[in-house]
Amino acid sequence: MASTPSKLTHLDDAHQPQMVDVGGKAVTRRTAQAQARVVFPAEVATQLHAAGYVTPKGAVLTVANLAGVMGAKATSQLIPLCHPLALDKCHIDIAMEGVEARIVCTVSCEGRTGVEMEALTGASVAALTLYDMCKAMSHDIVIAEVRLLGKTGGKSDLDFRQASA
């Protein structure tokens, strides 16, 4: 597990929220990958599969994919102290495995700050969209997990993929 920084960087000396000044940091290649899991009741998963993942609201996986990309791109508008980043890449992969959808969001950019929040937001928004697209079938759908899988660039690289296996 990663160590906890001794100082919370989003608080100034008076303990007021602040956006971190990244102006002096070097521009490096930043990547991050996050996942979300959505668990469907068995009968809903069966119906979705039989219908080719299309409901009266539309193509469920396609809409969730687009929503995830839009969410990653809009992270700084949703999370107050995040820097606006020009993402070079945002890829959403949604795999149905039995009653579960596993969403993996991979993002990257050249920048002075990491893209973990963009990856987490992309995966989260895709999961929320799956819920929204399927809630007419059941409200027993569970967004079970949103977590960082790894990041590169900046001070340290992190890889949590082994822990999730």
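J.: How would you sum up the overall build of the chain? Please name residues and give values.
T.: Secondary structure summary: the chain contains 5 helices and 7 strands in total. When the helices and strands of the chain are listed from N to C terminus, the series reads β-α-β-β-α-α-β-β-α-β-β-α. For the chain, buried positions account for 36% of its 165 residues. At a minimum sequence separation of 6, the contacts of the chain that also span at least 24 residues come to 69%. When the accessible surface of the chain is summed, it comes to about 9,300 Å², and 57% of that surface belongs to carbon and sulfur atoms.

J.: Give me the environment of Gln 35: which residues, what numbers.
T.: Its location among the elements puts Gln 35 in strand β1 (residues 28–39). A relative accessible area of 4% means that Gln 35 is categorised as buried. Between the C-alpha atom of Gln 35 and that of Leu 148, which follows or precedes it by 113 residues, the distance is 6.5 Å. Once residues within four sequence positions are removed from consideration, Gln 35 is found in contact with Arg 102, Ile 103, Val 104, Ala 123, Glu 145, Val 146, Arg 147 and Leu 149. Within polar-contact distance, the side chain of Gln 35 engages the side chain of Arg 102 at 2.7 Å. Within the structure, Gln 35 has its side chain in polar contact with the side chain of Glu 145 (distance 2.7 Å).

J.: Can you tell me about the side chain of Thr 75, naming the residues and giving the values?
T.: If you trace the backbone, Thr 75 turns up in helix α3 (residues 75–78). Beyond its immediate stretch of four places on either side in the chain, Thr 75 contacts Cys 82, Met 117, Glu 118 and Thr 121.

J.: Explain unusual backbone geometry residue by residue, including any values.
T.: For Tyr 53, which is not a glycine, the phi torsion comes out positive at approximately 60°. Here Tyr 53 is to be found in the loop between α1 (42–50) and β2 (54–55).

J.: Which residues make up the nonpolar core, and what values go with them?
T.: Looking at soluble globular proteins, one finds that nonpolar side chains tend to be buried together. By size, the foremost hydrophobic cluster in this structure holds 30 residues, and its most contacted members are Val 38, Phe 40, Ile 103 and Leu 130. Residue assignment for this core shows that the elements contributing at least two residues are β1, α1, α2 (60–73), β4 (89–97), β5 (100–111) and α4 (116–134). Top contributing element to this core by residue count: α4, with 8 residues. Not counting residues within four places of it along the chain, the set of residues in contact with Leu 130 comprises Val 38, Phe 40, Val 60, Leu 61, Ala 64, Ile 94, Ala 101 and Ile 103.

J.: Tell me about the environment of Pro 41, residues and numbers included.
T.: Position of Pro 41 among the secondary structure elements: in the loop between β1 and α1. Put simply, Pro 41 and Ile 141 are 100 residues apart on the chain and 6.4 Å apart in space, counted from C-alpha to C-alpha. Residues in contact with Pro 41, not counting those within four places in the same chain, are Ser 138, Asp 140 and Ile 141.

J.: Give a detailed account of the packing of α2 against α4, specifying residues and quantitative values.
T.: Across the interface, α2 lies against α4 with an axial gap of 7 Å and an inter-helix angle of 145°. Where α2 crosses over α4, the two elements pack in a sense that is right-handed. Mapping the contact onto sequence places Val 60, Leu 61, Val 63, Ala 64, Ala 67, Gly 68, Gly 71 and Ala 72 in α2 and Glu 118, Thr 121, Gly 122, Val 125, Ala 126, Thr 129, Leu 130, Met 133 and Cys 134 in α4. A per-class count over the contact of α2 with α4 returns 11 nonpolar, 5 polar and 1 charged.

Parameters and conventions
Residues numbered from 1 in each chain as written. Predicted model: local features only at pLDDT ≥ 70, side-chain atom pairs only at ≥ 80, totals over all residues. Heavy atoms only, no water. Helix = DSSP H or I, 4+ residues; strand = E, 2+ residues; numbered from the N terminus. Buried < 20%, exposed > 50% of the residue type's maximum accessible area, 1.4 Å probe, protein only. Contact = heavy atoms within 4.5 Å. Areas by Shrake-Rupley, 256 points an atom, 1.4 Å probe, with all protein chains shown as cover. Polar contact = N/O pair within 3.5 Å; in protein donor to acceptor, adjacent residues only side chain to side chain. Core = buried A, V, L, I, M, F, W, Y, C linked by side-chain atoms within 4.5 Å. Axes fitted to C-alpha atoms, helices over the stretch in contact; angles between N-to-C directions. Left-handed = near helix turned anticlockwise from the far one by under 90°. Nonpolar A, V, L, I, M, F, W, Y, C, P; charged D, E, K, R; others polar.

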